[in-house]
Amino acid sequence: MRQRKMNWNYILVAPALLISMSVILIPGLMTILYSFTDYNGISQNFNFVGFKNFIELFHDRIFFIAIRNNFIWTVLFITIPVFIGMLAAMLLLSRTKTRSIYQVAFLIPYVLAPAVNAMLWLNIIFSPVVGIIAFLKNFGIDFGSPLASMKSAIFACASVDIWHYWSYLTVIYLAALRQTPMDQVEAARIDGCNGWQLFRYIYLPNIRSTVNLMFVMIVIGSFLAFDYIKLLTAGGPAHSTEVLGTYAYSFAFSEMKVGKAAAVG
């Protein structure tokens, strides 16, 4: 009976395993293979070029700009949205009656398509003609054009993604905070703990595993950044917002150098 149950377990897991192999493992191995070739994505004939693609990348200034921007993106996302999300979750913890309304309102940017969010910010916030930036100019407050400046463009793109992402962290942290044993919270309050002490010594240790998991997910997601940068600046101006994702995309679909794009990946 035990052996039969074991066999059924393997049979039930097999479809998911096959899907994972077909859409993750095999393409991943093919990407590694293509990175050593001059494959253009169209022709069935390609040549092995050894480490040529990698050598060219390590002599490519834009490649290192992309790496730097990915690290900047990571630092921004493991600080700002985490702080805002945790603060909002702690505030919502005491809002027992209206908590669901706030969660739905917060999640609206997250459930909207990136293209919609990008257009909202382009037309309402960043537009120098009809946006909030244009409105502030009437009062002598001139931010210039954040997306057109090489110094501020990466931060402007990140601000849009942070606005879309922090509410997701709020919901995750709130769900974890609500699992904290109330007897610990009540005992701490009886002992005279203030809000900060309550968070530091009671709530935070109880949700540490969730915080660690989200930290890992944020780091992974930061190095996969693509959509908002592609929609807002397409890597410009002058490659100042280029990240590894957009740089690989430009090689693969603009220059038809799939082998080099694979090396970036």
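Here, every reference points to the structure presented above.
Read on for a plain summary of the structure.

The rules we used
- Sequence order sets the numbering: in each chain, residues are counted from 1 along the sequence as written.
- For a predicted model such as this one, the threshold for reporting local features is a pLDDT of at least 70, and the threshold for listing and counting side-chain atom pairs is 80 or more; totals across whole chains, interfaces and linings nevertheless cover every residue.
- As a rule here, side-chain values come from all non-hydrogen atoms in the structure, and water together with hydrogens is ignored.
- We count a stretch as a helix when DSSP gives it H or I for four or more residues in a row; a strand needs E for two or more, and each element gets its number in order from the N terminus.
- We call two residues in contact when some of their heavy atoms are within 4.5 Å.
- Lines are fitted to the C-alpha atoms to define the axes, a helix being fitted only along its stretch in contact, and any angle between axes, read from their N-to-C directions, falls within 0 to 180 degrees.
- Angles are sorted into four bins: roughly parallel if under 35 degrees, roughly antiparallel if over 145, roughly perpendicular if 65 to 115, and oblique for all others.
- Residue types Ala, Val, Leu, Ile, Met, Phe, Trp, Tyr and Cys, when buried and joined through side-chain atoms within 4.5 Å, form a set referred to as a nonpolar core.
- Each residue's exposure class comes from its accessible area (1.4 Å probe, protein chains only) as a fraction of the maximum for that residue type: buried when under 20%, exposed when over 50%, partly exposed otherwise.

This part takes up the side chain of Thr74. When you line up the elements, Thr74 lands in helix α3 (residues 61-77). For Thr74, the residues in contact, after removing those within four places along its chain, are Val219, Ser222 and Phe223.

This part covers the packing of helix α9 (residues 182-190) against helix α10 (residues 195-206). Relative to each other, α9 and α10 sit at 170°, their axes nearing to 10 Å. Overall, the two elements α9 and α10 adopt an arrangement that is roughly antiparallel. Contacts between α9 and α10 pair Gln184, Val185, Ala188 and Arg189 from the former with Leu198, Ile202, Tyr203 and Asn206 from the latter.

All right, on to the nonpolar core then. Among the nonpolar cores identified, the biggest contains 38 residues, and Trp73, Phe77, Phe126, Tyr203 and Leu232 are the most heavily contacted of them. Only α3, α4 (80-93), α6 (114-125), α8 (153-177), α9, α10, α11 (208-223) and α12 (227-232) provide two or more residues apiece to this core. The element that contributes the greatest number of residues to this core is α8, accounting for 12 residues. Residues in contact with Trp73, not counting those within four places in the same chain, are Ile154, Cys157, Ala158, Asp161, Ser222, Ala225 and Ile229. Counting 12 residues, the second largest nonpolar core, distinct from the first, contains Ala66, Leu244, Ala248 and Ala261.

The values reported here are purely geometric and, on their own, carry no functional implication.
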